[in-house]
Structure formats: C-alpha cells, structure tokens
Amino acid sequence: MTASESLVFEKRNGAASLDATLRSLVEIPAALLVLVEVGVLLAGVVARYVFHQPLVWSDELASILFLWLAMLGAVVAFQRGEHMRMTAVIGMVPPPARAFLDVVAIAAALAFLLVVVEPAFEFASEESFITTPALEIPNVWRAAALPVGMGLMILTALLRLAEVGSRRLVLGALGLVAALVAVMVLLQPVLQDLGNLNLLVFFVGVVAAAVFAGVPIAFAFGLATVGYIALTTDTPMLVVVGRMDEGMSHLILLSVPLFVFLGQLIEMTGMAKAMVAFLASLLGHVRGGLSYVLVGAMYLVSGISGSKAADMAAVAPVLFPEMRSRGAKPGDLVALLSATGAQTETIPPSLVLITIGAVTGVSIAALFTGGMLPGVVLGATLCAVVWYRYRGEDLSHVRRASWGEIGRAFVISVPAIALPFLIRAAVVEGVATATEVSTIGIVYAVLAGLLIYRRFDWRRLGPMLIDTAALSGAILLIIGAATGMAWALTQSGFSADLASAMADLPGGAPAFMAISIVAFIILGSVLEGIPAIVLFGPLLFPIARQVGIHEVHYAMVVVLAMGVGLFAPPFGVGYYAACAISRIHPDEGMRPIMGYILALIVGLVVVAAVPWISLGFLG
C-alpha cells in the first residue's frame with residue numbers, strides 16, 4: 001500500500017467511525033421518541049375514557065415530539081440509505097455509472113439541504129415568539145426539530161461522501177450538481193419569462209430527471225420546489241420551510257409510526273403466524289390452497305399494520321417454505337405476494353387512507369369503513385387466476401387437517417384475528433381516533449405476545465423501534481416536501497386551471513374516473529402512493545365532488561390504482577420490496593405477475609363502476 005493510498009484509507013476509516021458514532025447518537029433518541037409517543041397517547045386515551053379526565057396537554061406534547069421523531073427518523077433513514085427512491089432505471093446501467101449516480105444522489109440531497117437549512121433556522125427563530133396554548137412554552141421547542149434534523153442530514157451527507165473510495169467520483173458528482181445549479185441560475189431571466197411553463201420545467205422535468213437518476217423522492221420534490229420558488233418567484237424560502245412543517249405536523253399522521261411499529265409487533269409475537277396457520281388448516285388441502293391462504297392472510301394482516309412491507313414480511317416467511325415444497329415456482333410466489341400488496345391497499349388502517357384523510361379532510365372513519373369491500377373484490381379476481389393456474393396441482397402427498405386440528409388452530413388464532421376488528425370498531429364507533437387506536441393495538445399486541453403466545457423477544461425491540469423511526473421519517477419527509485410542492489402548484493394557479501379542464505371533460509364523471517385511474521397507476525409506479533396523494537389529492541378530490549363522484553368512492557379507486565402501479569414492474573417499488581422480502585430475483589416474477597396485474601385491473605374497474613362496493617356500508 002502506498003503512502004497516498006494509506007492516507008485515503010485512514011481518512012475513509014475515520015469518516016466511517018464518525019458516521020457510526022453519529023448514527024448511534026441519532027438512533028437512540030429516535031427509538032425512545034417512538035416509545036414516548038405511545039406512552040403519551042395511551043395516557044390521553046386512558047385519562048379520557050377510563051377516568052373521564054382529559055389531559056389537555058397530551059395532544060400538544062405529542063405534536064411537539066412528533067416533529068422531532070419525523071426529523072430524527074429522516075436522519076436515520078438518510079444514514080441507512082433507506083429514503084424512498086426509484087432504482088429501476090439506475091439498476092439497468094453498468095456498475096461504474098450506477099456507483100456515480102449513487103454519489104450524485106447524495107450530492108443532490110446535500111444541495112437541497114444546504115439551501116433550506118438557513119431558512120429553517122429563521123423559521124424556528126420566528127416560532128420562539130409563539131407560545132403553545134396548553135403547555136405554555138415557546139413553539140421553538142417544536143420548530144427547532146427542522147434545522148437540527150437538516151443539519152444532521154448535512155453532516156451525514158458530508159460523511160457519506162468522505163467514505164467514498166474514489167475522490168474523482170465524489171468531485172465529479174459534486175461538480176455535476178453544482179454545474180446544473182449554475183446553469184439554472186444563469187437561465188433565471190429566461191425562466192421568469194416562461195410563466196406557468198415553468199411548472200413543466202421544474203415539476204415535470206426536474207422531478208423526473210432527479211427521480212429517474214435515483215435521487216430520493218423527498219429530495220427530488222424539494223429540489224424542484226426550491227428551484228421554482230427561488231428562480232421564478234419573489235417568495236422567500238422561509239415559506240417553503242413553513243409548508244414542509246405544516247405537511248409533517250398533522251397529528252393524524254402520528255399514526256404512521258405507530259402502525260408501522262404495530263406491524264412489526266404482530267410478526268415478532270407470533271400473531272401473524274397464528275392467523276396464517278388457521279387459514280392453512282382450512283384451505284391447505286385444496287388445489288392452490290396456500291395461494292388462497294396468502295390472499296386471505298394479507299387481507300387479515302393488513303387490518304392490523306398500515307405498512308405493506310411489514311405485512312409481506314409477516315406472511316411470506318410463514319407460507320413460502322411450504323408452498324415451495326409443494327412445487328410452487330418462486331416467480332409465481334413473489335408475483336402473488338406483490339399482487340396482494342396492491343389488493344390490500346384500502347384495508348384499514350392503510351397509511352395511504354390516513355394520508356388522504358389528513359390532506360383532503362375526508363372522514364377517516366368513512367374511509368376505514370369503505371376500504372373493506374374493495375379489497376374483497378380484488379381478492380376474488382386474484383383467486384380466479386390462482387384457480388386457473390393451480391387447477392392441475394398434484395395434492396396426493398398433502399394431508400387434510402382434521403376438524404380437531406382446525407379447531408385448535410382457530411382457538412390459537414382468535415386473539416390475533418380479533419385485533420383488526422378491534423381497530424376498525426374503535427375508530428368507526430368513535431371510541432378512539434385513528435392515532436389513538438394504534439396505541440391500543442400496540443398494548444394489545446404486547447399483552448398477547450407476553451401472556452397468550454409467550455413470544456416476545458426483548459432483544460429485537462430496539463432494532464424494531466429504530467426501523468420504525470427510519471421508515472416513518474422517510475415517509476414523513478416525503479409528505480413535507482410534497483406539501484411544499486403542492487403549495488407551489490396551487491399558488492401558480494395550476495389548481496384552478498386543472499379543475500376547470502377536468503370539469504369540462506367530455507363524458508363527465510366516467511371520463512374523469514377513467515383518466516384518474518390511468519394517471520394514478522402511472523403516479524403509483526413513479527412516485528409511490530403517499531407522495532402522489534399529497535401532491536394531487538387536494539387538487540383532484542374537489543373536482544371529483546364537482547362532477548358528482550362520492551369522495552370515499554373516489555378515494556378507493558385512486559388508492560387501488562396507485563397500488564397497481566406501486567406493485568407492478570418494471571418501475572413499481574413495491575414489487576422490488578416483495579422480491580427483497582422473498583429473496584427471489586425480480587426477473588423470475590416478471591412473467592407470472594402479468595396475469596395478476598390484469599386481474600387487479602379487472603377488479604379495479606368493477607370497484608370504479610359500482611359505487612356501492614365502496615359506499616354500501618357507510619350507512
């Protein structure tokens with residue numbers, strides 16, 4: 001090893017050591033914040049419904065801690081490289097180019113953070129003049145999470161760049177990002193003369209280029225927004241930070257980390273395994289039986305967790321070994337798992353439904369009620385494909401479970417099966433909000449794991465809390481960035497123009513619904529569900545009402561359409577998540593999934609054409 005190589009290695013090793021130390025310093029408080037949020041919300045529920053003495057400060061404290069959880073979680077996700085990004089395109093390029101684009105993604109995120117960190121400090125400083133009503137403390141205690149989180153992400157980005165082995169690679173990526181920024185600044189006089197054409201330049205061109213290059217979606221949205229605001233308007237950047245804060249501060253979104261954590265708990269405590277075992281005892285002896293079990297298990301587990309990744313991770317390891325032993329092809333396994341992810345997108349407590357309620361004002365209880373039957377319809381269309389594909393399966397070696405075995409499996413599964421019904425009933429009957437009911441579910445799952453299933457691995461609790469914080473931070477940063485982007489679109493007058501154009505479409509409501517389905521399938525494949533909803537929900541839901549479509553019916557259709565896009569290759573991120581969870585190469589599932597995608601689209605058309613499926617149980 002030469003002296004220069006040794007020096008580079010030492011620098012890189014030092015950066016890695018500092019990065020590891022910083023990671024520990026952020027992960028521990030982020031994990032503790034998840035626990036504290038559960039405690040605060042649970043205390044509020046118990047005080048209100050048991051002692052009839054509401055804690056007037058509980059929601060306010062939860063809101064303050066929530067922004068800290070969102071920002072520290074975003075830092076953890078950035079440190080672990082877990083911010084949502086589209087990798088389908090960069091996965092097709094040669095390894096050297098892929099490595100370069102990975103460094104460009106870090107450099108692009110760094111550019112956005114450097115632009116907004118100073119306005120974030122200014123925003124937090126201005127919030128010091130506001131006093132919270134219940135706790136009577138300066139609001140800077142909450143707002144300070146924004147500059148602190150951004151500052152930590154800047155430090156993380158610099159450390160990540162320092163860890164890259166090739167200095168030329170780092171300088172090339174930084175130079176490319178700096179050159180692109182300089183070109184846009186030099187073009188400012190031209191851009192200011194383009195008017196609303198700048199919407200295409202920034203919110204189509206810049207976003208598409210960044211997303212396809214592998215820049216995390218949150219930072220792609222952020223770069224487009226700050227570029228549009230800085231180069232084409234006189235609006236101070238402080239406003240963008242304020243809109244991001246607004247987007248991440250809906251208290252209803254606090255249910256996101258709590259339901260993610262609940263999804264991990266049901267896997268760890270054995271509740272998911274108990275549900276799957278019962279379904280397998282019922283249907284395991286029929287042709288394609290375990291595939292039917294997969295469809296049903298995803299439906300049940302989705303009624304507990306709000307995270308599709310958590311649902312798939314809970315079901316696949318239990319079913320796939322037995323399905324493989326019966327001769328199922330790996331490609332068909334991952335194809336059906338991915339398809340069930342799309343099928344169950346509307347099952348409460350879906351995070352996408354919660355986001356729709358937060359950004360459009362549609363009743364969460366109505367969305368939870370309306371989401372049950374559409375999942376059944378799409379499940380039926382998937383089962384039709386399963387029946388066709390497995391109609392000749394050889395089951396001569398499979399033993400049918402006795403009624404006694406079925407009964408025992410049912411008794412064991414009852415506590416687990418009861419949980420999704422408890423969650424839905426608590427929200428619909430008004431016993432608890434969607435946020436509060438997640439804490440009830442967490443307590444229920446912990447008690448069931450400790451007292452009934454006798455499975456609770458305390459050593460996994462820390463990593464589970466950190467994973468929860470990271471996934472939640474990634475989701476919430478997207479929501480914050482998308483809220484800023486949606487505000488910029490609204491201020492440009494685009495919302496009014498879009499509403500007018502869509503309302504004047506020939507064909508009325510059916511044409512609007514058909515265009516929405518196509519648009520949201522595309523958006524789901526490129527942007528995923530939550531950012532697409534935050535961006536376009538406030539724009540399109542009022543138009544749906546204007547043309548006579550019930551908002552709950554419209555919500556079900558667009559969520560299912562986004563699900564189809566999210567879990568369909570080659571761009572759908574959900575499909576690759578299913579492959580990672582299954583440990584099956586994506587190429588193996590490409591052909592088998594086409595039949596399931598077609599079945600999902602047929603079910604989606606049925607849901608769109610028959611409003612009763614979404615509205616029949618609203619009362």
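Further remarks concern empty space enclosed by the protein. Rolled over the atoms, a probe as big as a water molecule pinpoints where empty space is left. All chains considered together, the criterion is met by one cavity of 30 Å³ or more. A volume near 70 Å³ is recorded for the largest cavity. Lining of the largest cavity is provided by Gly-288, Gly-289, Leu-290, Ser-291, Met-323, Arg-326, Ala-328, Tyr-390 and Glu-393. Considering each element in turn, the lining of the largest cavity owes the most residues, three residues, to helix 13 (residues 289-302). Split by residue class, the lining of the largest cavity holds four nonpolar, three polar and two charged.

On to helix 27 (residues 586-609), then. With 24 residues, helix 27 should cover 34 Å at 1.5 Å per step; its first-to-last C-alpha distance of 33 Å lies within 8% of that length. Looking only at helix 27, the buried set comprises Gly-589, Pro-592, Ile-593, Tyr-596, Ile-597, Ala-599, Leu-600, Gly-603, Leu-604, Val-607 and Ala-608.

Moving on to the packing of helix 3 (residues 95-127) against helix 9 (residues 217-232). Contact pair helix 3 / helix 9: the axes reach a minimum separation of 9 Å and the direction vectors enclose 50 degrees. Here helix 3 lies oblique to helix 9, going by the angle between them. Both helix 3 and helix 9 take part in a crossing whose hand is left-handed. Residues Ala-108, Ala-109, Ala-111, Phe-112, Leu-113, Val-115 and Val-116 of helix 3 lie in contact with helix 9, whose contacting residues are Phe-219, Gly-222, Leu-223 and Val-226. Taken together, the residues that form the contact of helix 3 with helix 9 break down as ten nonpolar, one polar and no charged.

This next bit is on the confidence of the model for the protein chain. Taken residue by residue, the protein chain gives an average pLDDT of 85. The fraction at 70 or more is 95%. Here residues 1-11 is modelled with pLDDT under 50, and outside its nearest four sequence neighbours on either side it reaches four contacts, counting other chains as well.

What follows deals with a nonpolar patch on the surface. On the surface, a nonpolar cluster with roughly 580 Å² of combined accessible area is contributed by Val-183, Leu-187, Val-190, Leu-194, Leu-197, Leu-200 and Val-204. Considering every element that reaches the nonpolar patch, the biggest residue donor is helix 8 (residues 197-212), with three residues. Looking at the secondary structure, you find Leu-187 in the loop between helix 6 (167-186) and helix 7 (188-192).

Scanning all chains against the criterion turns up nine salt bridges. The closest approach of N and O atoms between Arg-80 and Glu-82, which form a salt bridge, is 3.1 Å. According to the relative accessible area criterion, Arg-80 is partly exposed, its value standing at 26%. The shortest N-O distance in the salt bridge between Arg-80 and Asp-467 comes to 2.5 Å. One end of the pair, Arg-80, is in the loop between helix 2 (58-79) and helix 3; the other, Asp-467, is in helix 21 (residues 461-491), and 387 residues separate them in sequence. Among the residues examined, Asp-467 registers a relative accessible area of 29% and is labelled partly exposed. Connected via shared salt-bridge partners are Arg-80, Glu-82 and Asp-467.

Conventions used here
Residues numbered from 1 in each chain as written. Predicted model: local features only at pLDDT ≥ 70, side-chain atom pairs only at ≥ 80, totals over all residues. Heavy atoms only, no water. 1 Å grid on protein atoms, 1.4 Å probe; cavity = no way out; pocket = protein on both sides within 12 Å on 5 of 7 lines; lining within 4 Å. Points joined across faces, edges and corners; volume = space filled by probe spheres on them. Helix = DSSP H or I, 4+ residues; strand = E, 2+ residues; numbered from the N terminus. Nonpolar A, V, L, I, M, F, W, Y, C, P; charged D, E, K, R; others polar. Expected span 1.5 Å × (residues − 1). Buried < 20%, exposed > 50% of the residue type's maximum accessible area, 1.4 Å probe, protein only. Axes fitted to C-alpha atoms, helices over the stretch in contact; angles between N-to-C directions. Parallel < 35°, antiparallel > 145°, perpendicular 65-115°, else oblique. Left-handed = near helix turned anticlockwise from the far one by under 90°. Contact = heavy atoms within 4.5 Å. pLDDT = per-residue confidence, 0-100. Patch = residues over 30% accessible without salt bridge, like charges linked within 9 Å, V, L, I, M, F, W, Y side chains within 5 Å. Areas by Shrake-Rupley, 256 points an atom, 1.4 Å probe, with all protein chains shown as cover. Salt bridge = Lys/Arg side-chain N within 4 Å of Asp/Glu carboxyl O.

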